[in-house]
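# Coordinates in review
If you want the building blocks of each chain, they are given just below.
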Amino acid sequence: MISYLQVENLTKSFGDLVLFENLSFAIGKDTKTALIARNGTGKSTLLNIICGLDSADSGQVTMRNGIRLGYLLQEPDLGTGKTVYDYVYGSYPLLTEAIKNYKIALESHDATKMQHAGEQMDALNAWDYEVSVKLYLSVLGIDFLDADVSTLSGGEKKRAALAALLLQQPDVMILDEPTNHLDTSMIEWLEDYLQKTRSTLLMVTHDRFFLDRVCTDIIEMADKTSYPYKGNYTYYLEKRAERLEILNASLDKAQNLFKTEQEWMRRMPQARGTKAKYRMDNFGKLTDFLNSKSTEKQVDINVSQARIGKKILDIEGLSKRFENKLLIDNFTYKFARGDKFGIVGPNGCGKSTFLNLLCEQLLPDSGVIDKGQTIVYGYYNQKGIEFDNSKRVIDVIKDIAEIVTLGNGKTVSASKFLETFLFTGDMQYNLVEKLSGGERRRLYLMTILMRSPNFLILDEPTNDLDIMTLNVLEDYLNSFSGILLVVSHDRYFLDKVTDRLFVFEGNGKIKEFPDKYSYYLEYKKVLESEEAQAIANKAKAIKQAQTQPKPEAKANKLT
């Protein structure tokens, strides 16, 4: 296999924190590779180094000569002083100029100009480019071409950056969380596109369905090094379990040997013979092995939950519109103990507005929201992640409570509580600005759960969280006895933690679907297929009626 990208003995650290050490791997032509690791282990940093936006302490990255590289950052910076149109089309100025000239020529109705502009389009193969542009803009919901890029939301920037990258059609495409801010239809389209693309892929994503459908290779970053797996996400899970089983057996054996050798070291501190020195050297190597291959720690979500009374939340005739757009129209529902709903629908259809209405952060145009006295909301939303970067991690938690009550009724200090979410002693005194995107989200999740909510509302909780933390969060939500509402485009996550859906269909319509998300997708495809067949049958009938020969008029008899 031809190697497009070679990473050799790469090391990167921030102060005393070593992200990875002597990291080596290769990306071959036509492969579709995903990087999987815990938050804070340097995935985004590694991608930045590969793309020349950061530098390593040592080691090198080698790209095959002539290879064109394209990079979608986790949080793209589109600059300022230009429109979305200029940004998306700006990758190919000659093509952009040719398309503009052709449109001007059409408007002028000048035959000579139109001929010249058409020849320019032919020479640059701009016709196919224009078709691709319209496709990507349509699929990714980019209908704000005249907007200044500096005014866009995070999600709009991500989609514009993705469209620009796809238009470049680079030889190697590097994607950092490409499914963030995409709705389900966009994600499914991107999956199909990336399966068929001739570009070689290297990506970081938490979307496990996406990993299974797109990836041919997995590289796991752990223990400051890398472990390659030749297969998709399901294959990786199987082989990783085997690796950890072998590792744990080796650790058990090494621990027993360590105890024996440690006792010998205590008894023979002055040994000078060759055999004794050899044994002492081996003891040092054994110690290094145990320190470098320590068993993985897991996030431990163990928080208390406020008591729930008989009355929970009653919604009657809820309606809300912004300007001329109707988002919620006469919605009624009475929540019951144990309700666990996923909330799905296209971007901009009112899902976040609905959550803000429930939490009394917005006022409805009409209708009543009647909340029970015992209800304690835990609202995880996108705006709430904005921390004061000058604060220390431990101060963020202490500002809420010095002592935290756990699910078993015991209490712990703020520091001990942070440790359960894998914020070690040193990390607790770091400034928030030093945290990775995933670590910030993990900290924000802590600030929500430590308030002992019994009505959890989670708006895109899976964005930027590592897969290991997602697995633990899913286990916690499955055992959560309160009420749960989740807005997410992560299909795997919704299937694991919810059993019903509120489906936002547009124009204010919200329908309840009484089963898991994967079943809804199957149901939706059947409906679309039936509707398509009905339209096709109707068109066929019309065509047949139009082509049917008309009966000849009968001649009247002359009498």
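Reference entry: report on the structure contained in this document.

The rules behind each value
Residues numbered from 1 in each chain as written. Predicted model: local features only at pLDDT ≥ 70, side-chain atom pairs only at ≥ 80, totals over all residues. Heavy atoms only, no water. Helix = DSSP H or I, 4+ residues; strand = E, 2+ residues; numbered from the N terminus. Buried < 20%, exposed > 50% of the residue type's maximum accessible area, 1.4 Å probe, protein only. Contact = heavy atoms within 4.5 Å. Areas by Shrake-Rupley, 256 points an atom, 1.4 Å probe, with all protein chains shown as cover. Axes fitted to C-alpha atoms, helices over the stretch in contact; angles between N-to-C directions. Parallel < 35°, antiparallel > 145°, perpendicular 65-115°, else oblique. Nonpolar A, V, L, I, M, F, W, Y, C, P; charged D, E, K, R; others polar. Pairing = 2+ DSSP bridges. Left-handed = near helix turned anticlockwise from the far one by under 90°. Lys, Arg positive; Asp, Glu negative; His and termini not counted. Salt bridge = Lys/Arg side-chain N within 4 Å of Asp/Glu carboxyl O. Polar contact = N/O pair within 3.5 Å; in protein donor to acceptor, adjacent residues only side chain to side chain. Expected span 1.5 Å × (residues − 1).

Moving on to the overall build of the protein chain. Looking only at helices and strands, the protein chain has 18 helices and 20 strands in total. A total of 559 residues make up the protein chain; the buried ones form 46% of that total. Counting contacts in the protein chain only where the partners sit at least 6 residues apart, residues at least 24 apart contribute 68% of the total. A total of about 29,300 Å² of accessible surface is found on the protein chain, and carbon and sulfur atoms cover 50% of it.

Attention now moves to the packing of helix α3 (residues 93-108) against helix α5 (residues 126-139). At their nearest, the axes of α3 and α5 sit 10 Å apart, and the two run at 90° to each other. In this view, α3 runs roughly perpendicular relative to α5, as classed from their interaxial angle. Contact residues: α3 offers L95, I99, Y102 and K103, while α5 offers A126, W127, Y129 and E130. Looking at the contact of α3 with α5 residue by residue, the class counts come to 6 nonpolar, no polar and 2 charged.

Looking now at the sheet that holds strand β14 (residues 377-380). Overall, mixed pairing links the 6 strands, which are arranged β14-β17-β18-β12-β19-β20 in an open sheet. Only two strands of the sheet have a single partner each, and these edge strands are β14 and β20 (509-513). Each strand of the sheet is rotated relative to its neighbour by a mean of 15°, with strand direction disregarded. Here β14 pairs with strand β17 (residues 455-459) via 4 bridges, running parallel. When the sheet's bridge partners are listed, Y380 is paired in β17 with L458.

In helix packing, the relevant descriptors are the interaxial angle and the interaxial distance, both defined with respect to the helix axes. Interhelical geometry of α3 versus helix α4 (residues 111-124) gives an angle of 155° and a closest axis separation of 9 Å. Classed by the angle they form, the pair α3 and α4 counts as roughly antiparallel. For the pair α3 and α4, the crossing hand works out as left-handed. Residue-level inspection shows L94, L95, A98, I99, N101, Y102, A105, L106 and S108 of α3 in contact with α4, the latter providing K113, M114, A117, G118, Q120, M121 and L124.

Its location among the elements puts D459 in strand β17. Look at D459: it is buried, it has no salt bridge, and the nearest opposite charge is K351 at 7.5 Å. A distance of 2.9 Å separates a polar atom in the side chain of D459 from a polar atom in the side chain of S352. Those residues in contact with D459 that sit more than four places away from it in its chain are S352, L355, Y380, N381, Q382 and V487.

An α-helix turns once every 3.6 residues. As a result, residues three or four positions apart point the same way. For α3, built from 16 residues, the straight-helix expectation of 22 Å at 1.5 Å per residue is met to within 8% by its first-to-last C-alpha distance of 22 Å. Of all the residues in α3, the buried ones are L95, T96, A98, I99 and A105. Buried residues in α3 make contact with α2 (84-89), α4 and α5. Looking at the residues trailing α3, positive phi occurs at H109, about 60°.

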